[in-house]
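Summary of the model geometry
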Amino acid sequence: MSATCVTSLRCEYLVDPLGLDECRPRLSWLLATDRRGARQVAYRVRVASTQVKLAAGVADRWDSGRVESAQTAHVAYAGEPLRSRDACHWQVEIWDETGASVRSAPALWTMGLLEHADWSARWIAADPEIIRRDPAAVAPTLTEPGTPAVFRRAFSVPADLVRATLYASARGLFELRANGRRIGEDLFAPEWTDYDKRIHYRSYDVTALLSPGANELAATLGDGWWSGFVGWQETKGRYGSLENSLLLQLELELADGTRRTVGTDGAWQCATGPILSSDLQMGEVYDARREPRDWRPAREVAAPAAPLVAQRSEPVRITETRAPVSRTEIRPGVHLYDLGQNLTGWIRLRVEAPAGTRIQLRHGERLNPDGTLYTANLRRAKATDVYICRGGGIEVFEPHFTFHGFQYVELSGLPGVPRADAVTGCVIHSATPPAGHFECSHAGVNRLWLNGVWSQRDNFLSVPTDCPQRDERLGWMGDAQVFFRTATCNMDVAAFFTKWMIDVEDAQTPDGVFPDIAPRLREDINWVGLGNLGGAAGWADAGIIIPYTFWRVYGDLRLVERHWGAMVRWLDWIERHNPNGLRVNQLANNYGDWLCIPSDTSFGTHSPMKNLLATAYWADDAAKMARLARALGRAAEAARFQAMFEKVRAAFQSEWVRPDGRISVETQTAYLLGLAFDLLPSHLRAAATEHLVANIRNLDWHLSTGFVGIGHLNPQLTLAGRADVAYRLLLQESYPSWLFPVLQGATTIWERWDSWTIAGGFHKDGMNSFNHYSLGSVGEWLFRHVLGIELDPETPAYQRFVLQPFIGAGLDHARGHYRSIHGEIRSAWQRRGAGFEWQVTIPANTTARVHIPAAPGATVGTDGLTVVERTDAFAICEAPAGSYTFTSTLAPA
């Protein structure tokens, strides 16, 4: 394909989003062609109010005119001010370096309800009488989930309907139907936010679900995060209420330009239905014999004080289904299924049984030594679904307002032998698009990378949770920041983290302290266990690390600008409480290098290692803020934060760095932070690296880092010239190592290096998740330094980037790709003895600095490129867009 095509049109990182509340949305697209040197020289964006106008060339909302620019990302809408409900049909035309122009296919975004006054619907809740009148229904309590309510409203649709849009929100979770058909594919909507600060609404085009004449709109309302169990708390109602409420506004646009509205109010009816209880952690009980009856008027209730905002991220959806790999009858009538993969979601149950048959599904990640389901690590989460059959034929059941983390499911209560298709696993997560792929000659490393992808999928559910199975499932910020770069390699998480950074700022205290988890739970209501969840080193610092890395990967400065005030307030707080440059005055919690070897699971703030770690993160925060300030044109703040970095760096060196390059706190992570955060004098970096390698050697070539250090381990070794050690650690098979869990059958990343061992079995601590992505942050090294796909040190977002693989012992080939915001980068290398061949693709409208591995003096095949520099290990070329094949001879290992 030599002709240029314009593809992948997106608005605010989303494809054809409905109901935006971003008044100057940004537009992005890609160029596709295999022509070498292909680039965009100009673009023109047209935005129209209808498809017909766009097709006719009438850009009545915005016509950018021809803009001489190579920009294809974050082009901000600059047309007429957008209003609530506006439809925006858009198209981009580009001119390439040959002078040819090409237009894209049309795309769409619509605006949501931008003003409070746009909402005419009323918030409604169920009449408690429906519970009292239903002997099977259960009223919610602080310790038990209640029976979800069902709401309905009949209405009439005129024959001249043009468009029907439903705006929906809830305190709780909704499932919506129009004339019995499900509205949308979203799950767990509206998604988790700090409900005291903001509540999401969703927008749906329901035109195709309605017909002229009589229609019915219905909703089932579950607990979710609003009133269900959240975290390790013994009681529900983290946000102060056990009552769920619903807000729906259906707008019917007619051919004459008028609009009719059907909104929730006291005229709606409510009843109980087949769901007897449903909770995110506990599971669901569903009686298929029950139909909603004894309808009563709904109650109008007070609207929340928090504003309604559009969701900025992809919705949670079913993204895959999986058939079991085995079924075992472990005792009469009790069947254990293995799905072959630890996942987040639920079981789609297909059965045929007499009415009243009670079927139970219990979920777990592993098996006990006797072959039964292991559930000890679930703690208070029951993770149990119950289905009571209707009878009369084949029945299919999926739960509605719960999810589980599991590989194994125990089915009981079904008479006879289950059907072959009785159990299907449904995989759910925020539907972030895949971005990268990695594979190599080592099957264990391939499984390791895949385990990281699965743990990311399983835990990126509205927020980046720590684990999907037990009574926790919280947005721990330290976990998110150490894995963030890996996450960007695996999937496009731009919209997902745009949403979550709002949660992070919402959780910041008035005096500037970022939280340890986001959304942060209210700790003033029946709180038990670890509290004061804010300000922890390496966790709260995610409030700066993620916006910085987000800018580097996606080139997004708007996100940085919007959170800049919060980021500055955090550094103000640290500086105010630590005037001497050492971060020793902290809040209640410091998790240190969490779950390092030997493990430290204390929360205290005072130990040499914890003080070192906290000070290192302060310095790194300041350095990142200085660079961001320069990118934003904030010269005074750049100077302030650069000076702050220099002060903290000097204090770090004075306190912990010895003249021989040794760090007085002799841990791998201490050396890694010193190297990664540029805290060491330049003349001591090589010596510090050798001390780090000596530490690894003394542990018989094993790692000992925890959550904080692990992501830096192989990158820093590689950048310091010890890729040989990085490869040795990658391929280590005995405990502790990345491949140890793989060899024990792991299909996800484990929380602990010793979650299970041959000698000791299961870790005795209840904190023992088998689906915890943090220790899988080696994934970024596989992309950055094995495939060699790396950011340019100065230019963000891969419009210019570096290709530089480091070849180590143990791998004969590696190949993969990364779909950046500027296109798909491909890298595939193989070696045969000393011979080396490397195929790369540099996407259109980008350039790369290519480092071809080669022995000193070796002949290098550059596929027409010119070598501009030689080092002992690489021949370096500047490469425009295109596909290339390079050859060379490698130095002896």
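Attention here is on the structure that accompanies the text.

What counts, and at which threshold
- Residues numbered from 1 in each chain as written.
- Predicted model: local features only at pLDDT ≥ 70, side-chain atom pairs only at ≥ 80, totals over all residues.
- Heavy atoms only, no water.
- Helix = DSSP H or I, 4+ residues; strand = E, 2+ residues; numbered from the N terminus.
- Rg over C-alpha atoms; globule rule 2.2 N^0.38 Å.
- Buried < 20%, exposed > 50% of the residue type's maximum accessible area, 1.4 Å probe, protein only.
- Contact = heavy atoms within 4.5 Å.
- Areas by Shrake-Rupley, 256 points an atom, 1.4 Å probe, with all protein chains shown as cover.
- Lys, Arg positive; Asp, Glu negative; His and termini not counted.
- Charge placed at Lys NZ, Arg CZ, Asp CG, Glu CD.
- Core = buried A, V, L, I, M, F, W, Y, C linked by side-chain atoms within 4.5 Å.
- Pairing = 2+ DSSP bridges.
- Axes fitted to C-alpha atoms, helices over the stretch in contact; angles between N-to-C directions.
- Parallel < 35°, antiparallel > 145°, perpendicular 65-115°, else oblique.
- Left-handed = near helix turned anticlockwise from the far one by under 90°.
- Nonpolar A, V, L, I, M, F, W, Y, C, P; charged D, E, K, R; others polar.
- Salt bridge = Lys/Arg side-chain N within 4 Å of Asp/Glu carboxyl O.
- Expected span 1.5 Å × (residues − 1).
- Bend = angle between axes of the 7 residues up to and from the residue.
- Phe/Tyr/Trp six-rings, centres within 6.5 Å; stacked < 30°, edge-to-face > 60°.
- Polar contact = N/O pair within 3.5 Å; in protein donor to acceptor, adjacent residues only side chain to side chain.

1. Brief notes about the overall build of the chain
Scanning the chain from N- to C-terminus turns up 16 helices and 45 strands. The C-alpha atoms of the chain give a radius of gyration of 28 Å, which matches the 29 Å a tight globule of 893 residues would have. Projected onto its principal axes, the C-alpha positions of the chain cover 85 × 70 × 60 Å. With 893 residues in all, the chain has 62% of them scored as buried. Considering only residue pairs separated by 6 or more positions, the chain has 74% of its internal contacts joining residues 24 or more positions apart. Roughly 31000 Å² of accessible area belongs to the chain as shown, and the carbon and sulfur atoms make up 51% of that amount. Of note, the chain has its 90 positive side-chain charges centred 1 Å away from the centre of its 100 negative side-chain charges.

2. A short note on the environment of Gly 543
With respect to the helices, strands and loops of the structure, Gly 543 is situated in helix 7 (residues 542–554). On the basis of relative accessible area, Gly 543 is assigned to the buried category, the value being 0%. For the pair Gly 543 and Gln 508, spaced 35 residues apart in sequence, the C-alpha separation works out to 9.3 Å. Contacts of Gly 543, omitting those with residues within four sequence positions, involve Met 477, Met 501, Val 504, Phe 514 and Met 567.

3. Side note on unusual backbone geometry
Going from Ala 189 to Pro 190, the amide bond is cis rather than trans, its omega being -10°. Looking at the element boundaries, Pro 190 is found in the loop between strand 13 (181–182) and strand 14 (199–205). Note that the residue after Ile 597, namely Pro 598, is joined by a cis bond; omega there is -5°. The topology assignment puts Pro 598 in the loop between helix 8 (557–577) and helix 9 (608–632). Phi at Ser 8 is positive, roughly 55°, even though this residue is not glycine. Here Ser 8 is to be found in strand 1 (residues 5–11). Located in the positive-phi region is Ser 462, a residue other than glycine, with phi close to 70°. Assignment of secondary structure puts Ser 462 in the loop between strand 35 (460–461) and strand 36 (463–464).

4. So, helix 16 (residues 779–787)
For helix 16, a buried count of nine out of nine residues is recorded, marking the element as mostly surrounded by other parts of the structure. Buried within helix 16 we find Gly 779, Glu 780, Trp 781, Leu 782, Phe 783, Arg 784, His 785, Val 786 and Leu 787.

5. Quick look at the environment of Ala 626
Assignment of secondary structure puts Ala 626 in helix 9. Look past the residues within four positions of Ala 626 in its chain and what remains in contact with it is Ala 638, Phe 641 and Gln 642.

6. Brief notes about the nonpolar core
Judged by nonpolar contacts, the single largest core of 199 residues is most densely connected at Phe 188, Phe 438, Phe 497 and Leu 803. Among the elements that make up this core, the one with the highest residue count is helix 9 (14 residues). Not counting residues within four places of it along the chain, the set of residues in contact with Leu 803 comprises Gly 788, Ile 789, Ile 825, Trp 838, Val 840, Ile 842, Ala 848, Arg 849, Val 850 and His 851.

7. Remarks on the sheet that holds strand 13
As a general point, the strands of a sheet are linked pairwise by backbone hydrogen bonds and lie either parallel or antiparallel. Strand order in the open sheet formed by six strands is 13-12-15-10-18-21, with antiparallel pairing between adjacent strands. Of all the strands in the sheet, just strand 13 and strand 21 (293–297) have a single pairing partner and so form its edges. Relative to strand 13, strand 12 (residues 173–178) runs antiparallel, the two being bridged by two bridges. In the sheet register, Arg 177 faces strand 13, and the bridge partner there is Arg 182.

8. A word on the side chain of Thr 424
Note that Thr 424 resides in strand 33 (residues 423–430). Those residues in contact with Thr 424 that lie beyond four places of it in its chain are Thr 321, Arg 322, Trp 346, Ile 347 and Arg 348.

9. Topic: the packing of helix 12 (residues 685–698) against helix 13 (residues 707–719)
In the contact formed by helix 12 and helix 13, the axes pass within 11 Å of each other and the chain directions differ by 125°. Taken together, helix 12 and helix 13 sit at an angle that is classed as oblique. Crossing angle aside, the handedness with which helix 12 passes helix 13 is left-handed. Contacts between helix 12 and helix 13 involve Arg 685, Leu 692, Val 693 and Ile 696 from the former and Leu 713, Gln 716 and Leu 717 from the latter. For the contact of helix 12 with helix 13, the residue count by class is five nonpolar, one polar and one charged.

10. Things to note about the pattern of salt bridges
Tallying each qualifying case throughout the model produces 76 salt bridges. Between Asp 572 and Arg 640 there is a salt bridge, and its shortest N-O distance comes to 2.6 Å. Within this pair, whereas Asp 572 is found in helix 8, its partner Arg 640 is found in helix 10 (residues 635–656), the two being separated by 68 residues in sequence. Exposure remark for Asp 572: the relative accessible area of 24% places this residue in the partly exposed category. Note that Asp 678 is salt-bridged to Arg 685, the shortest N-O span being 4.0 Å. Exposure remark for Asp 678: the relative accessible area of 38% places this residue in the partly exposed category. The class of Arg 685 is partly exposed, set by a relative accessible area of 27%.

11. Quick look at helix 5 (residues 477–490)
Spacing of three or four residues puts side chains on the same side of an α-helix, whose turn is 3.6 residues. Taking 1.5 Å of rise per residue, the 14 residues of helix 5 would be expected to cover 20 Å, and the 19 Å separating its terminal C-alpha atoms lies within 8% of that figure. Along its length, helix 5 reaches its greatest deviation from straightness, about 55°, at Phe 484.

12. Some points on the packing of helix 13 against helix 14 (residues 723–730)
As a packed pair, helix 13 and helix 14 sit with axes 7 Å apart at the nearest point and diverge in direction by 150°. As the angle between them shows, helix 13 and helix 14 are arranged roughly antiparallel. Side by side, helix 13 and helix 14 meet where Leu 713, Asn 714, Leu 717 and Thr 718 of the first sit next to Ala 723, Val 725, Ala 726, Leu 729 and Leu 730 of the second. Class assignment of the residues belonging to the contact of helix 13 with helix 14 gives a composition of seven nonpolar, two polar and no charged.

13. Here's the deal with the sheet that holds strand 5 (residues 75–76)
The strand order 1-2-5 describes an open sheet built from three strands, whose pairing is antiparallel. Bordering the open sheet on either side are strand 1 and strand 5, each of which pairs with just one other strand. Across five bridges, the pairing between strand 1 and strand 2 (residues 26–32) is antiparallel. Residue pairing in the sheet places Cys 11 in a bridge with Leu 27 of strand 2.

14. A short note on the pairing of strand 43 (residues 835–853)
Taken together, the four bridges between strand 40 (residues 800–803) and strand 43 define a ladder with parallel strand orientation. Considered in strand 43, the bridge of Leu 803 is made with Val 850. Judged from the seven bridges that link them, strand 42 (residues 823–832) and strand 43 form a sheet pairing that is antiparallel. Looking at the pairing, Ser 827 lines up with Val 840 of strand 43. With antiparallel pairing between neighbouring strands as the criterion, strand 42 and strand 43 make up a hairpin whose turn holds two residues, including Gly 833 at a positive phi of roughly 65°. Sheet analysis places strand 43 next to strand 45 (residues 874–889), joined by 15 bridges and oriented antiparallel. Opposite Val 840, over in strand 45, you have Tyr 884 as the bridge partner.

15. Focus: the packing of aromatic side chains
For the coordinates displayed, the defined rule picks out 54 aromatic pairs. Taking the centre distance of 5.7 Å and the plane angle of 65° together, the rings of Phe 188 and Phe 403 count as edge-to-face. Highlighted residues: Phe 188 in the loop between strand 13 and strand 14 and Phe 403 in the loop between strand 31 (395–397) and strand 32 (404–412), separated in sequence by 215 residues. Just as Phe 188 is buried, Phe 403 falls in that class too.

16. Some thoughts on the environment of His 813
Tracing the backbone shows His 813 in strand 41 (residues 813–820). Considered as a pair, His 813 and Asp 660 are 153 residues apart in the sequence and their alpha carbons are 39 Å apart. Apart from the residues within four sequence positions on either side, His 813 is in contact with Cys 440, Ser 441, Trp 829 and Gln 830.

17. Considering the side chain of Ser 820
Mapping Ser 820 onto the fold places it in strand 41. Within the local environment of Ser 820, its side chain forms a polar contact with the backbone nitrogen of His 822, the two atoms lying 3.0 Å apart. Engagement of the side chain of Ser 820 in a polar contact is seen with the backbone oxygen of Gly 823, the distance being 2.9 Å. Excluding residues that lie within four positions of it along the chain, Ser 820 makes contacts with Ala 797, Tyr 798 and Ile 825.

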